[in-house]
Amino acid sequence: MTQKEQAGPPEQAREDGPPIAAARPLGERREWPRSFADRLTAPLPGLRTMIRASRKGRLRPSPEALREVAGLPFAPGPLPSAGPETVAVTWVGHAGWVIRIGGLTVLTDPVWSRRILGTPDRMTPVGVAWEDLPPVDAVVISHNHYDHLDAPTLKRLPRSTALFVPAGLARWCRRRGFTRVTELDWWEGAELPAAGGGSGARFDFVPAHHWSKRTLTDTCRSLWGGWILTDRAGRRIHFAGDTGYGHWFTEIGGRYPGIDLTILPIGAYAPRALLGSVHTDPEEAVQACEDMGARAMAPMHWATFLLSAEPPLEPIVRTRAAWQAAGRPREELWDLPVGGSRVLV
């Protein structure tokens, strides 16, 4: 019997990791502390660091580097057929994915807008046209930054769509009319059944090395993190959201052994003095995959929005080199183009 076949109910303790908490009720209304600043891994960069980087012209790529935009990978195709036992992923762009698991269609950090606050237009179009999406069963949000929580995109969804969000963010969603909002703390999970066949999936919220802010007065008022999606057969996808590198990856791998695919950010890392604590660079992303013991890795958080100073194509070039240097099989690096898909087998 394989490790996947041995997987018991979500709350059952496993010999190779701490027990996973019992599922919390969907839509539960909860009280949270006023601030989650005590969860920060490192102090946030100060205003002086930002001004210094801006004066040196290190917040955006050089005009010469921007010529690489024409070479960014964009190859939209039809979504793969997905039955109730299929696990498949499609990269929409940036941190947005269409994940088919347990008979559910799940969107991660969906941004279908042409631009977000403070950035130029998208460098590549959205990889999946909105009208080509199947009915969306659930959305997971990693944190409230504008490039991950896009109000115009969420407005397109039925208000009965199940939303899974970090602690402290449900009120924002409910004010916009959503009626099925589940907010979780780190290491908590909830289960969503599939309406049209399939066993559904469990959604676990896990730590990340990041922060939150949406207005001038709400720094770290809601939590940040990644998500583990698990089907009844025990197949697992880790969606990291936005994160720097650090100790959490080893702990995630210990608590959730047998991750089949980790979706990790590889871009928006320069300058390091400003972004090093909150955004992994390519080498750190590959190391994070190793730390978790994940079978495969899909890069994200690059090729879409112009957020930082590295040349547009550098993230994937460095990721491929780091993957090879780590001795990992090439087929386990799912370096999809925007709009590309792959099925877990």
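Residues numbered from 1 in each chain as written. Predicted model: local features only at pLDDT ≥ 70, side-chain atom pairs only at ≥ 80, totals over all residues. Heavy atoms only, no water.

Engineer: Please give an account of the environment of V165 that cites residues and values.
Structural biologist: The topology assignment puts V165 in strand β5 (residues 162-166). Exposure remark for V165: the relative accessible area of 0% places this residue in the buried category. Along the primary structure V165 and T179 are separated by 14 residues, whereas in three dimensions their C-alpha atoms are 13 Å apart. With sequence-adjacent residues up to four places away left out, V165 is seen in contact with I141, A170, C173, V181, T182, E183, L184 and W227. (Helix = DSSP H or I, 4+ residues; strand = E, 2+ residues; numbered from the N terminus. Buried < 20%, exposed > 50% of the residue type's maximum accessible area, 1.4 Å probe, protein only. Contact = heavy atoms within 4.5 Å.)

Engineer: Give a detailed account of the packing of helix α7 (residues 282-292) against helix α8 (residues 314-325), specifying residues and quantitative values.
Structural biologist: Packing of α7 against α8 leaves a shortest axis separation of 8 Å and a crossing angle of 45°. Comparing the axis directions of α7 and α8 gives the class oblique. For α7 against α8, the interelement crossing comes out right-handed. Taken together, the residues of α8 that come into contact with α7 (itself represented by P282, E283, V286 and C289) are P315, R318, T319, A322 and W323. Tallied by class, residues from the contact of α7 with α8 come to six nonpolar, one polar and two charged. (Axes fitted to C-alpha atoms, helices over the stretch in contact; angles between N-to-C directions. Parallel < 35°, antiparallel > 145°, perpendicular 65-115°, else oblique. Left-handed = near helix turned anticlockwise from the far one by under 90°. Nonpolar A, V, L, I, M, F, W, Y, C, P; charged D, E, K, R; others polar.)

Engineer: I'd like to hear about α7, residue by residue, with values.
Structural biologist: Residues of α7 that are buried include every one of P282, A285, V286, A288, C289, D291 and M292, and no others. Where α7 is buried, its residues touch β10 (236-239), α5 (248-255), β11 (261-265), β12 (296-300) and α8. A positive phi of about 70° marks G293, the residue just after α7.

Engineer: Give a description of the sheet that holds strand β13 (residues 341-343) that names residues and reports values.
Structural biologist: Sheet architecture is open: seven strands sit in the order β6-β5-β4-β3-β2-β1-β13, paired in mixed fashion. Two strands bound the open sheet, and with one partner strand each, they are β6 (180-184) and β13. Ignoring which end each strand starts from, the neighbouring axes of this sheet average 20° apart. Both strand β2 (residues 96-101) and strand β3 (residues 104-108) contribute to a ladder of five bridges, which runs antiparallel. Of the residues in β3, the one forming a bridge with I101 is L104. (Pairing = 2+ DSSP bridges.)

Engineer: Go over the sheet that holds β10, please, and point to the residues and values.
Structural biologist: Spatial ordering of the open sheet is given by β7-β8-β9-β10-β11-β12, a layout of six strands whose pairing is mixed. In this open sheet, the two edge strands, each paired with only one partner strand, are β7 (188-192) and β12. Taking the axes of each pair of neighbouring strands and ignoring which way they run, one obtains an average angle of 20° across the sheet. Both β11 and β12 contribute to a ladder of five bridges, which runs parallel. Residue pairing across strands places I263 opposite A298, the latter belonging to β12.

Engineer: How would you explain the packing of α5 against α7 if you had to name every residue and give the values?
Structural biologist: Close contact between α5 and α7 brings their axes to 7 Å; oriented N to C, the two are set at 35°. As for the relative orientation of α5 and α7, their crossing is right-handed in sense. Across the interface between the two elements, F249, T250, I252 and G253 of α5 pack against A288, D291 and M292 of α7. When grouped by side-chain class, the residues that make up the contact of α5 with α7 number four nonpolar, two polar and one charged.

Engineer: Tell me about α8, and name the residues and values.
Structural biologist: The end-to-end C-alpha distance of α8 is 16 Å, a good match for the 16 Å that twelve residues give at a rise of 1.5 Å each. Of all the residues in α8, the buried ones are P315, I316, T319, A322 and W323. The arc that holds every buried residue of α8, seen down its axis, measures 125°, which confines them to one face. Of the exposed residues in α8, those oriented more than 90 degrees away from the buried face are V317, Q324 and A325. Looking at the packing, one finds that the buried side of α8 touches α7 and β12. Directly after α8, the chain includes G327, whose backbone phi takes a positive value near 75°. (Expected span 1.5 Å × (residues − 1). Arc of directions from axis to C-beta.)

Engineer: Explain the pattern of salt bridges to me, and be specific about the residues and the numbers.
Structural biologist: Taken as a whole, this structure holds 19 salt bridges when the rule is applied. Residues R255 and E251 are paired through a salt bridge, measuring 3.2 Å at the closest nitrogen-oxygen approach. Of this pair, R255 and E251 both sit in helix α5, separated by four residues, roughly a single helical turn. Classification of R255 as partly exposed rests on a relative accessible area of 22%. Exposure remark for E251: the relative accessible area of 28% places this residue in the partly exposed category. With a shortest N-O distance of 3.8 Å, D281 and R318 are connected by a salt bridge. One end of the pair, D281, is in the loop between α6 (272-275) and α7; the other, R318, is in helix α8, and 37 residues separate them in sequence. According to the relative accessible area criterion, R318 is partly exposed, its value standing at 26%. Here the salt bridges do not stand alone but share partners, grouping R272, D281, E283, E284, E314 and R318 into one network. (Salt bridge = Lys/Arg side-chain N within 4 Å of Asp/Glu carboxyl O.)

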